[in-house]
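Inside the fold
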Amino acid sequence: GGKQATGNQIFSWVHLEDYFQIILFLSENTATKGVINCTSPNPVDNKFFMSTLCKSLRVPVGIPAPEFVIELVAKLIGTEPELILNSSFVIPKRLLNAGYEFRFPDIDKALSDLLN
């Protein structure tokens, strides 16, 4: 529940319901072709996400994970620490321009819906 590394890494996310609705939207809007970013229009930083997750779960405090711990665990499980340590700021510009309206554009409402 605590931030990972500095907590400043930006990442994009999408609520499961929006993911499914985007697939339906694109199947009905065949004029929209090519690469579509299937992500919320509001990326968040790791610190904000973890804080919001703790609030949604009613966990009073989250234990942070320092960068060296992330690197060690990533090595142990055979994955790349960059998945957590690097930013991934993606905006669904083409999807928004095509007229898709997100049901859960904000992380607080998305987590509340998923966890309550």
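Everything that follows concerns the structure shown earlier in this document.
Structure report, in brief. (Residues numbered from 1 in each chain as written. Predicted model: local features only at pLDDT ≥ 70, side-chain atom pairs only at ≥ 80, totals over all residues. Heavy atoms only, no water.)

**Some details on the nonpolar core**
Put simply, the test is: What we call a nonpolar core is a set of buried Ala, Val, Leu, Ile, Met, Phe, Trp, Tyr and Cys residues that are connected through their side-chain atoms within 4.5 Å. Exposure categories follow from relative accessible area, calculated using a 1.4 Å probe and restricted to protein chains: below 20% of the type maximum is buried, above 50% is exposed, and the middle band is partly exposed. Helix numbering and strand numbering both begin at the N terminus, where a helix is a DSSP run of H or I of at least 4 residues and a strand a DSSP run of E of at least 2. What makes two residues a contact is simply this: any of their non-hydrogen atoms within 4.5 Å.
Core analysis: the largest hydrophobic core is formed by nine residues, namely Trp13, Val44, Phe49, Met50, Leu53, Phe104, Ile107, Ala110 and Leu111. Those elements that place two or more of their residues in this core are helix 2 (46-57) and helix 6 (107-115). Ignoring anything within four residues of it in the chain, the contact list for Ile107 reads Trp13, Val44, Phe48, Phe49 and Thr52. By size, the runner-up hydrophobic cluster in this structure holds six residues, among which are Ile22, Phe25, Leu95 and Tyr100.

**Thoughts on the side chain of Asp18**
To keep it simple, the criterion reads: A positive count includes Lys and Arg, and a negative count includes Asp and Glu. His and the chain ends are not counted in either. Put simply, a salt bridge is a Lys or Arg side-chain nitrogen that is within 4 Å of an Asp or Glu carboxyl oxygen.
With respect to the helices, strands and loops of the structure, Asp18 is situated in helix 1 (residues 16-28). Here Asp18 is buried and forms no salt bridge, its nearest opposite-charge partner Arg103 lying at an N-O distance of 4.4 Å. Ignoring anything within four residues of it in the chain, the contact list for Asp18 reads Tyr100, Glu101, Phe102, Arg103 and Phe104.

**A short note on helix 2**
One turn of the α-helix equals 3.6 residues, which is why residues spaced by three or four share an orientation. Spelled out, the test is: Here a helix's expected span is defined as the number of its residues, less one, multiplied by 1.5 Å. Pairs of N or O atoms are called polar contacts if they sit within 3.5 Å, as long as, within protein, a hydrogen donor faces a hydrogen acceptor (for residues adjacent in sequence, only side-chain-to-side-chain pairs).
The end-to-end C-alpha distance of helix 2 is 16 Å, a good match for the 16 Å that twelve residues give at a rise of 1.5 Å each. Listing the buried residues of helix 2 in full gives Asn46, Phe49, Met50, Thr52, Leu53, Cys54 and Ser56. Where helix 2 begins, the capping side chain belongs to Asp45, and its oxygen is found 3.2 Å from the backbone nitrogen of Lys47. Looking at the residues trailing helix 2, positive phi occurs at Arg58, about 60°.

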